Amino acid sequence: MHPILFHLGSVTVRSYGVLLVTGFLAGLWRAMWLCQRRQKELPPGSPRRVHPDAIFDIGIGVLFSGLVGARLLFVLLDWGSFAAHPIDALKIWQGGLSLHGALIFGIGFLTIYCWRKKLSMMAVGDIAAPTFALSYAIGRVGCLLNGCCYGRPTNMPWGIRFPSEQFPGVMTPPSHPTQLYATLFNLFWFWVLLRWEKRRHHDGDLFYGYIAMYGIYRFIDEEFRAGATSTYLIPSMHLTDTHIASLVMIVIGAAGMLWLRRHRTAYVSPSAPAEASA
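Residues numbered from 1 in each chain as written. Predicted model: local features only at pLDDT ≥ 70, side-chain atom pairs only at ≥ 80, totals over all residues. Heavy atoms only, no water.

S.K.: I tried to follow the pattern of salt bridges on my own but got confused; where do I start?
M.R.: Per the counting criterion, the structure on display carries five salt bridges. Across the pair glutamate 197 and arginine 30 runs a salt bridge, and its minimum N-O distance is 2.6 Å. Taken together, the residues span a long stretch of sequence, with glutamate 197 in helix α5 (residues 178-197) and arginine 30 in helix α1 (residues 15-41) at a distance of 167 residues. For the pair formed by glutamate 197 and arginine 30, the shared burial category is buried. The partner of arginine 261 in a salt bridge is aspartate 205, with the nearest N and O atoms 3.0 Å apart. With arginine 261 in helix α7 (residues 241-263) and aspartate 205 in helix α6 (residues 205-225), this pair connects stretches of sequence that are 56 residues apart. (Salt bridge = Lys/Arg side-chain N within 4 Å of Asp/Glu carboxyl O. Helix = DSSP H or I, 4+ residues; strand = E, 2+ residues; numbered from the N terminus. Buried < 20%, exposed > 50% of the residue type's maximum accessible area, 1.4 Å probe, protein only.)

Written out as structure tokens, the structure is:
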């Protein structure tokens, strides 16, 4: 593990924070680039013609609201570890974020912003979906360097030993590097969303699609984390709270896409290949 990158005098620069910021900036750059391109391609008044400045404002708002939601949900789900020392809940640099919480608070901010600025929530959500997938993929590398969010022991050759969360000072046996699984899953989802973005789809398809994709990834990833860095909510069914939340996300994503197909007209990007409109 490499939780500390370097020191600048008395300031400690941590891998976790650097990778979170790197992921955020990479995703924000991609979203603003897309908006700049659409400013040239789409006519004024198009709901998909979102100004880059609006995306920048949304990105900053989603970042901070998402961090608050991610940390808040993590602390609430593991309150027993923080009850004796509540101030530790503020030590976000030590790791410990629930991405379900980040999604809930981030989507909440996005909804309010779009409502106040009279922007299409679905069109902006489609811009945000691949942005989040890319940011998340990079940010999970920070979890790996920090040594948190690992999986249960494995005999696979890629198993990694991590500092045990249950027994300080002790290393785990070779365990599933679930942080890397998360990165690979979300890089794949990012690729899928980029392809989808260029083909005929409804406003909101990418948004709801990624909600379902995230649920699928997280449910699978939880299978490797359960019993290591997550606990069973319903032991008899081998289900954690994250399993259940992920299933809810899959249902919401699928239902949202089905609703769009019945009530919205599909469109294709002007810059898409000719066969994409077929």
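Anyway, onward from the coordinates.
S.K.: Can you help me understand the side chain of serine 164 in this one?
M.R.: Of note, serine 164 is situated in the loop between α4 (121-146) and α5. A distance of 3.2 Å separates a polar atom in the side chain of serine 164 from the backbone nitrogen of glutamine 166. Each residue touching serine 164, except ones within four places of it in the same chain, is listed here: Tyr150, Val170, Met171 and Thr172. (Polar contact = N/O pair within 3.5 Å; in protein donor to acceptor, adjacent residues only side chain to side chain. Contact = heavy atoms within 4.5 Å.)

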